[in-house]
Each structure stands twice: as structure tokens, then as C-alpha cells.
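One-letter residues, chain by chain:
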Amino acid sequence: LFLVDNSASLPPLDPQAERVAALEKMFSFLKGYRYRLVLFGGRNEVYVDDVSRYRNEGQWTDFYHAFARAKTLAATYPRGTDLRIVLLTDAISDPDPKDWPDVPSGWDARSHSMRKTVELVGDMRIPLYVVLVGDPHGDVAGRDREQSPGFVLDLVQAANGSAASPLAQTLASFFQDDGLLLRKFVYRVAPHEGLKKIEPVVKRIAAPPRAGIEAKIFGYFILPLLVIL
């Protein structure tokens, strides 16, 4: 299930290609796998399986309603289906305050929507991978807004549990491999890297888990310790 940020703040997936062409080429990396597409901006800017709507013109960025639609799609598949969610975003949350009229005292629409999104993702219990596209800092629409790495980490930990802990992610990054228990869930793609960087990421996410990383850890650390003992 691909959740693709369609807001105006997201850089192109590939600076050398038209938006729709780049999106379709990204899906070509998934040979043999079925996929669904959720394009999202604000609450009323969510489109399913319609690549023609990929225009990066969304006025808002509301992650909650994107995951709510993904939850609805997931429910249409038979129990036991191996589902994975891939979120492509710049991680800049910017919901329309009108869509969150019941914000508790002490919260604003942005922080409240982020908290509710983390709760929703935790309830779904579907493995979540995040591809961060763009620079961590930047000027968007005349205002300085930053990516929210804490929000992203909260999302992947809510979805993937202890497998997304900082230590597990460090080990997965170090060994450049995805194992049965240790998998990398957050990737970063700079605007100039485009599909060249996204292709191996998408293929890696879609590939079945291997026990290679656990074997390396056993061979590099545990086995020598046993020999010494």
C-alpha cells in the first residue's frame, strides 16, 4: 500500500521526469507484487489508484486521513495477506484546522492530528516503511517548516514495535541488510537523487526477509565470544 504525499511541499520523486511518469516508473520496480496507491494532501484531497491526480498541489498535509483510507483498503484483503505500507513524504505535517474542530485544550491541530495518526497506525499493526524525500530543513511556501523526524520514528515504532527501536535500526543500517527480525524502516532520499535512490529502496522493502543480518551478527559477535568463553 503506497501512501504518497501529494502536497505542494513535496519535491519531485525524480527531477528528470514528469510527476506521473516518475510515479509509474517507481511501481515498475515491483514486478510480481500487487500494489495500491493512496495519494493524499488534506482530508478532502485523498485519491485511490489514480496516478493522474499526482500533481503535488495539495493545500494541506494530513497523514491521519491517508492512513484511515489505507486501513479501509487493507480490510478488503483476506485475513493473512502479507501487507506492507510504504509512506513517501517530506514529513511536514500541515493539516487544515477546520478538519480538527475538537482539539483538546493545550493542543493545536497539527500536534493533535499527529498524535491521532500514531494511535491509528499502532492499531493497524501493518509493517510501515517511510521514505523521506527532500531536505530536513527548508523554506516551503514562504514559511520555514521542518521535517518531523520524531513523528516519523513514532509512526514506525507504533507500526513495527521493538523491531523499529533505535538500536535495531542502527544495526540494520550498519549491515545494509534486512533480516527476519532486524529491518530498516526509515530511508532518506535527497531531491537530486530521485529514482536512482528510490529504486533499490522500494525493491528492498518488497523483498522477502532474509536471515543474513542475524547470521552476520552471530558470526561477528556471538560466535567469537563463545569461542573465547
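Quantities reported herein were computed from a predicted structural model and do not represent experimental measurements. (Residues numbered from 1 in each chain as written. Predicted model: local features only at pLDDT ≥ 70, side-chain atom pairs only at ≥ 80, totals over all residues. Heavy atoms only, no water.)

A. Layout of the packing of aromatic side chains. The tally for this structure, following the rule as stated, stands at 6 aromatic pairs. The interplanar angle of 70 degrees and the centroid separation of 5.2 Å between the aromatic rings of Phe2 and Phe27 together place this pair among those described as edge-to-face. Note that Phe2 is positioned in strand β1 (residues 2–5) and Phe27 in helix α1 (residues 19–27), a separation of 25 residues in sequence. As far as the burial class goes, Phe2 and Phe27 line up, both buried. (Phe/Tyr/Trp six-rings, centres within 6.5 Å; stacked < 30°, edge-to-face > 60°. Helix = DSSP H or I, 4+ residues; strand = E, 2+ residues; numbered from the N terminus. Buried < 20%, exposed > 50% of the residue type's maximum accessible area, 1.4 Å probe, protein only.)

B. Representation of the environment of Tyr33 in the model. Secondary-structure assignment places Tyr33 in the loop between α1 and β2 (37–40). Residue classification places Tyr33 among the partly exposed positions, given a relative accessible area of 41%. Separated by 174 residues in the primary sequence, Tyr33 and Ala207 have C-alpha atoms spaced 9.7 Å apart. With sequence-adjacent residues up to four places away left out, Tyr33 is seen in contact with Ala206, Ala207 and Pro208. (Contact = heavy atoms within 4.5 Å.)

C. Main features of the nonpolar core. Membership of the largest hydrophobic core comes to 59 residues, with the highest contact counts inside it found for Phe2, Leu3, Met26, Phe67 and Leu128. With sequence-adjacent residues up to four places away left out, Met26 is seen in contact with Phe2, Leu13, Leu88, Leu195, Ile198 and Val202. (Core = buried A, V, L, I, M, F, W, Y, C linked by side-chain atoms within 4.5 Å.)

D. Looking closely at the pattern of salt bridges. The full count for this structure, using the stated rule, is 6 salt bridges. Note that Arg55 and Glu57 form a salt bridge whose closest N and O atoms lie 3.5 Å from each other. According to the relative accessible area criterion, Arg55 is partly exposed, its value standing at 38%. (Salt bridge = Lys/Arg side-chain N within 4 Å of Asp/Glu carboxyl O.)

E. Representation of the packing of helix α2 (residues 63–74) against helix α3 (residues 109–124) in the model. The N-to-C vectors of α2 and α3 enclose an angle of 20 degrees; their axes lie 8 Å apart at closest approach. Considering the angle they form, α2 stands roughly parallel to α3. Here the hand of the crossing between α2 and α3 comes out left-handed. Where α2 approaches α3, its residues Phe63, Tyr64, Phe67, Ala68, Ala70 and Lys71 are matched on the opposing element by Ser113, Lys116, Thr117, Leu120, Val121 and Met124. Counted by class, the contact of α2 with α3 contains 8 nonpolar, 2 polar and 2 charged residues. (Axes fitted to C-alpha atoms, helices over the stretch in contact; angles between N-to-C directions. Parallel < 35°, antiparallel > 145°, perpendicular 65-115°, else oblique. Left-handed = near helix turned anticlockwise from the far one by under 90°. Nonpolar A, V, L, I, M, F, W, Y, C, P; charged D, E, K, R; others polar.)

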